[in-house]
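Coordinate inspection notes
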Amino acid sequence: YTYLTTNSNGCDSTATLILTIIEPPTVNAGQDDTICSDTSYIVSGSSSNTIPNSNPGYTVLWDAIDGGSSQFVYDYQHNTRFYPNSTQIDSGYAVLILTAYGNPPCGNVSDTMILTINDTSSGTSTIVACDSFIWEGQTITSSGSYTQILPNAAGCDSTATLNLTINPSTTS
């Protein structure tokens, strides 16, 4: 902007204002989602910020509440893999935070997503049967230990182990 005026001595005076408008960043950590405790998760965030003269890719940072040993493969990328820690698995959720760095004088902005973590399960049964035993549609005629992986109520893996003893029936 240029402003022309006359100063107190009657001389022309020009004032020039160079104005740069810097947009504040926007950020989106993505929709809340659900995983099983034995898996990792690919986060897919987005942001509008660009920081001149910065290292490419260092415009955002992923973090997690109680992120002690939780891990992002590349915490400075919009899309990366997240591995929850045992505290997050035990609590059943992780709060993931994506921060977009602001270009001064604008500050940083953050957004969160909740990752629900459903647990896997396992169980063991010990059975003694005569001649045979039907387990999950399979007829078993030999003693031994058998394992099947089935989905539990949460849709996660449930490992079922059957310790089976088959006794032959006696005829008189």
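Let me sum up the structure you'll find in this document. (Residues numbered from 1 in each chain as written. Predicted model: local features only at pLDDT ≥ 70, side-chain atom pairs only at ≥ 80, totals over all residues. Heavy atoms only, no water.)

**A look at the packing of aromatic side chains**
Scanning the entire structure with this criterion turns up three aromatic pairs. Relative to F72, the ring of W62 lies with its centre 5.8 Å away and its plane at 20 degrees, an arrangement referred to as stacked. Of this pair, W62 sits in strand β7 (residues 60-64) while F72 sits in strand β8 (residues 71-72), placing them 10 residues apart in sequence. Each member of the pair, W62 as well as F72, is classed as buried. Judged by centre distance (6.0 Å) and plane angle (65 degrees), the ring pair of Y74 and Y76 falls under edge-to-face. Y74 sits in the partly exposed class, given a relative accessible area of 41%. Residue class for Y76 comes out partly exposed when judged on its relative accessible area of 23%. Through pairs of rings, three or more aromatic residues link up here, namely W62, F72 and F82. (Phe/Tyr/Trp six-rings, centres within 6.5 Å; stacked < 30°, edge-to-face > 60°. Helix = DSSP H or I, 4+ residues; strand = E, 2+ residues; numbered from the N terminus. Buried < 20%, exposed > 50% of the residue type's maximum accessible area, 1.4 Å probe, protein only.)

**What to know about the nonpolar core**
Counting 17 residues, the largest nonpolar core has V43, W62, F72, F82, L96, M113 and L115 as the members making the most contacts within it. Among the secondary structure elements, those contributing two or more residues to this core are β5 (41-44), β7, β10 (93-100) and β11 (109-118). Among the elements that line this core, the one with the most residues is β10, at four residues. Within the second largest apolar cluster, six residues are counted, among which are A129, W135, I140 and I166. (Core = buried A, V, L, I, M, F, W, Y, C linked by side-chain atoms within 4.5 Å.)

**Focus: the side chain of N152**
Assignment of secondary structure puts N152 in the loop between β15 (144-151) and β16 (157-167). Among the polar contacts listed, one links the side chain of N152 to the side chain of S121, at a separation of 3.3 Å. Apart from residues lying up to four places away in sequence, N152 is in contact with D119, T120, S121, D157 and S158. (Polar contact = N/O pair within 3.5 Å; in protein donor to acceptor, adjacent residues only side chain to side chain. Contact = heavy atoms within 4.5 Å.)

**Focus: the side chain of T80**
On the secondary structure map, T80 appears in strand β9 (residues 79-83). There is a polar contact of 2.9 Å between the side chain of T80 and the backbone nitrogen of Y74. Each residue touching T80, except ones within four places of it in the same chain, is listed here: Y41, I42, V43, W62, F72, V73 and Y74.

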